[in-house]
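A look at the structure
So the chains spell out like this:
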Amino acid sequence: MTKPTTDKTNAAEHSVELPRFRAYFLHPKFWGTWLMVGVLYLISWLPFRLQLWMGKGLGKLLFKLMPKRVKVARRNLELVFPERSAAEREQMLHENFANNGIALFETGMAWWWPNWRMKRKLAVEGTELLDQADAEGKGVFLVLFHFLSLEVHARMFGLVRPAVGLYRPHNNALMEYLQTKGRNRSNKYMIRKKDVRGMLNALNTGEVCGYLPDQDYGRNRSVYVPFFAVPDAATTTGTTIFAAGANCKTLITTIERLPGAKGYKLRIMPPQQPIPSGDETEDARRINKEVERAVNQCPEAYMWVHRRFKTRPDESMPSYYK
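Each chain carries its own residue numbering, running from 1 in the written order of its sequence. Given that the model is predicted, a residue must reach a pLDDT of at least 70 before its local features are reported, and side-chain atom pairs must reach 80 or more before they are shown or counted; all residues, however, enter totals for whole chains, interfaces and linings. Remark: hydrogens and water are excluded; side-chain values derive from all non-hydrogen atoms of the structure.

1. Describing the overall build of the protein chain
In this text, helices come from DSSP runs of H or I with a minimum length of four residues, and strands from runs of E with a minimum of two, each type numbered from the N-terminal end. Within the protein chain one finds 12 helices and 9 strands. Relative to the compact-globule value of 20 Å for 322 residues, the protein chain shows a C-alpha radius of gyration of 20 Å, a close match. Viewed in the frame of its principal axes, the protein chain has a C-alpha envelope of about 55 × 50 × 40 Å. Scored against the burial criterion, the 322 residues of the protein chain give a buried share of 53%. In the form shown here, the protein chain has an accessible surface area of approximately 15900 Å², with 55% of it arising from carbon and sulfur atoms. Charge counting treats Lys and Arg as positive and Asp and Glu as negative, with His and both chain ends excluded. Every charge is mapped to an atom, namely NZ of Lys, CZ of Arg, CG of Asp or CD of Glu. Taken as two groups, the 48 positive and 31 negative side-chain charges of the protein chain have centres that lie 7 Å from each other. This radius of gyration counts C-alpha atoms alone. The globule rule is 2.2 Å times how many residues there are, raised to the power 0.38. Here the term buried applies to any residue with accessible area under 20% of the maximum for its type, exposed to any over 50%, and partly exposed to those in between, with areas from a 1.4 Å probe on protein chains only. Method for areas: the Shrake-Rupley scheme with a 1.4 Å probe, in which residue coverage is limited to the protein chains shown.

This is how it looks when you write it as structure tokens:
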């Protein structure tokens, strides 16, 4: 089967141009950012096991310094796992903040480690699914989730198959330069978050395009479906827009940090039920089931500090966070 004839040049026109270094970045307003980034860069060259240990220590500090985020994460765990005891959830909360600390150092690894070092820590399952999609002339609508190792996940996936991702600019111009450069290190290019046509064009030209559907993006293009024990989680219909709107195959990818500082296991798999299903609400239900399956494997590694349930079906309904 031949690939769609959509021009790849046309798809690339939607890509975010890589920012260039500017003398403006030397302005004193960025000195604090340079200091933070410089320390992170130096730490990234330390042994992997040491960085994990340091990250756990940082996570303990974050737990004390970020009471509002602790409160949000604790509430999310209460909503999602009501069947677990308070003591179990509190233990999970502390482990989650340890992983938040590790995630900061993983960002340095993802942005600056050379390919050879990254590959030494990578094990992969499911690459035959990418090959099959390529043989069928289809793009891959790649669904991944907001786990704390997300930066490493994106970098490692790019070593397997360079991909295209959606992108939201950083408010700090220097961080914008650094994060865009870092995230493109082993991937192709990024598309602006609201550029639906650009994403569809990329899928139609056979690209692998990453998408994260598991946060609360507000009322626009959302439906309210169950997520764990919460019956009405606002869930984006973007999954249907892309999965049904392009010549592509939907696949799920997850990453797991292996015990004993052995590295990471990257998995590529089909969804448990086909996506798209023909109905956007059903697709939202199915994607939330995929998130649940992934979270249940390692709940302490998920991004619980985000207010996942902030949007209620009716604005008059009380907030889950009060």
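Having seen the structure, we can now continue with the description.
2. A closer look at the UniProt feature "short sequence motif: HXXXXD motif" (unreviewed entry) in the protein chain
The feature "short sequence motif: HXXXXD motif" (unreviewed entry), as given by UniProt, occupies residues 146–151 in the numbering adopted here. With 33% helix and 0% strand, the stretch residues 146–151 has end C-alpha atoms that lie 10 Å from each other. UniProt positions are given in the numbering used here, feature names are shortened, and annotations may be inferred rather than shown by experiment.

3. Structural notes on the packing of aromatic side chains
Between 30 and 60 degrees the pair is tilted, below 30 it is stacked and above 60 it is edge-to-face, where a pair is any two Phe, Tyr or Trp rings, Trp via its six-membered ring, whose centres lie within 6.5 Å. Within this structure, the stated rule accounts for 23 aromatic pairs. Put simply, the rings of Phe-81, Phe-147, Phe-227, Phe-228, Tyr-302, Trp-304, Phe-309 and Tyr-320 touch in pairs and so form one group of aromatic residues. The lysine or arginine in question, Arg-307, covers the ring of Tyr-321, its NZ or CZ lying 5.7 Å from the ring centre. It is Arg-312 that lies over the ring of Tyr-320; its NZ or CZ is 3.9 Å from the centre. The rule is short: NZ of Lys or CZ of Arg within 6 Å of the ring centre and within 35 degrees of the ring normal puts a charge over the ring.

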